Amino acid sequence: MKIKSASGVTLPQLPEGAYCEISGVSPAKMQKCPLMNFDDMGGYCVPELCESYKIAERRRKHEGADHAKPGR
C-alpha cells in the first residue's frame, strides 16, 4: 500500500509503533486499507486523515523494575 501525506506526497516510512486499529498492523505492512477511505481500491493510506491510524507509545524496557522486591 502507498502511504501519503494529506497533501499527496508519498511518505517513505512511518514512525516506529505506527499501526492501524482495524488491521492491528502498520499500514506499511498492509496490502490495502480495510476501510478503503482514500480510494476505491484501498491502495492508499493517509495516516494524518485517518481516525484508525495510531502510534503506540514505546514501553520502557524494564517496566516495573523499579518496584521493591518483597523482604527488602
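Anything mentioned here points back to the structure above.
Undergrad: Can you help me understand the overall build of the protein in this one?
TA: A count of helical and extended segments in the protein gives 0 helices and 4 strands. When each of the 72 residues of the protein is scored for burial, the buried share is 25%.

Undergrad: Looking at this model, I keep getting lost on the environment of Gln13. Mind explaining?
TA: Mapped onto the secondary structure, Gln13 falls in the loop between strand 1 (2–3) and strand 2 (18–20). When the C-alpha positions of Gln13 and Lys2 are compared, they lie 10.0 Å apart, and in sequence the two are 11 residues distant.

Undergrad: How should I be thinking about empty space enclosed by the protein in this particular structure?
TA: Empty space among the atoms becomes visible once a probe the size of a water molecule is rolled across them. Within the structure shown, the criterion is met by 1 cavity of 30 Å³ or more. Taken as a whole, the largest cavity spans an internal volume of roughly 70 Å³. Residue lining of the largest cavity: Met1, Cys20, Pro27, Met30, Cys33, Pro34, Phe38, Cys45, Val46, Cys50, Ser52 and Tyr53, and that is the complete set.

Undergrad: Is there a simple way to think about the state of the cysteines in this case?
TA: A covalent bond bridging the sulfur atoms of two cysteines is what the word disulfide describes. All chains considered together, the criterion is met by 0 disulfides. Left unpaired, Cys20 is separated from the closest cysteine sulfur, that of Cys50, by 6.1 Å. The exposure class assigned to Cys20 is buried, which follows from its relative accessible area of 7%. The thiol of Cys45 is not disulfide-bonded; the next cysteine sulfur, from Cys50, is found 6.0 Å away.

Undergrad: Can you help me understand unusual backbone geometry in this one?
TA: Most peptide bonds take the trans configuration, and most residues that are not glycine carry a negative phi. Here Met36, not a glycine, exhibits a phi torsion of approximately 50°, which is positive. Looking at where Met36 falls in the secondary structure, it is placed in the loop between strand 2 and strand 3 (44–45). A residue is classified by how much of its surface remains accessible, and Met36, at 35% relative accessible area, is partly exposed.

Undergrad: Looking at this structure, I do not really get the environment of Ala18. What am I missing?
TA: Within the secondary structure layout, Ala18 lies in strand 2. Ignoring any residue separated from it by four or fewer positions in sequence, one finds Ala18 in contact with Ser26, Pro27, Tyr53, Lys54 and Ile55.

Undergrad: Teacher, can you tell me more about the environment of Thr10 here?
TA: Within the element layout of this structure, Thr10 appears in the loop between strand 1 and strand 2. Separated by 34 residues in sequence, Thr10 and Tyr44 have C-alpha atoms that sit 9.6 Å apart. In contact with Thr10, other than residues within four places in its own chain, are Ile3 and Lys4.

Basis of the calculations
- Residues numbered from 1 in each chain as written.
- Predicted model: local features only at pLDDT ≥ 70, side-chain atom pairs only at ≥ 80, totals over all residues.
- Heavy atoms only, no water.
- Helix = DSSP H or I, 4+ residues; strand = E, 2+ residues; numbered from the N terminus.
- Buried < 20%, exposed > 50% of the residue type's maximum accessible area, 1.4 Å probe, protein only.
- 1 Å grid on protein atoms, 1.4 Å probe; cavity = no way out; pocket = protein on both sides within 12 Å on 5 of 7 lines; lining within 4 Å.
- Points joined across faces, edges and corners; volume = space filled by probe spheres on them.
- Disulfide = S-S within 2.5 Å.
- Contact = heavy atoms within 4.5 Å.

Note that every value here comes from positions in space, so none of it alone points to a role or purpose.
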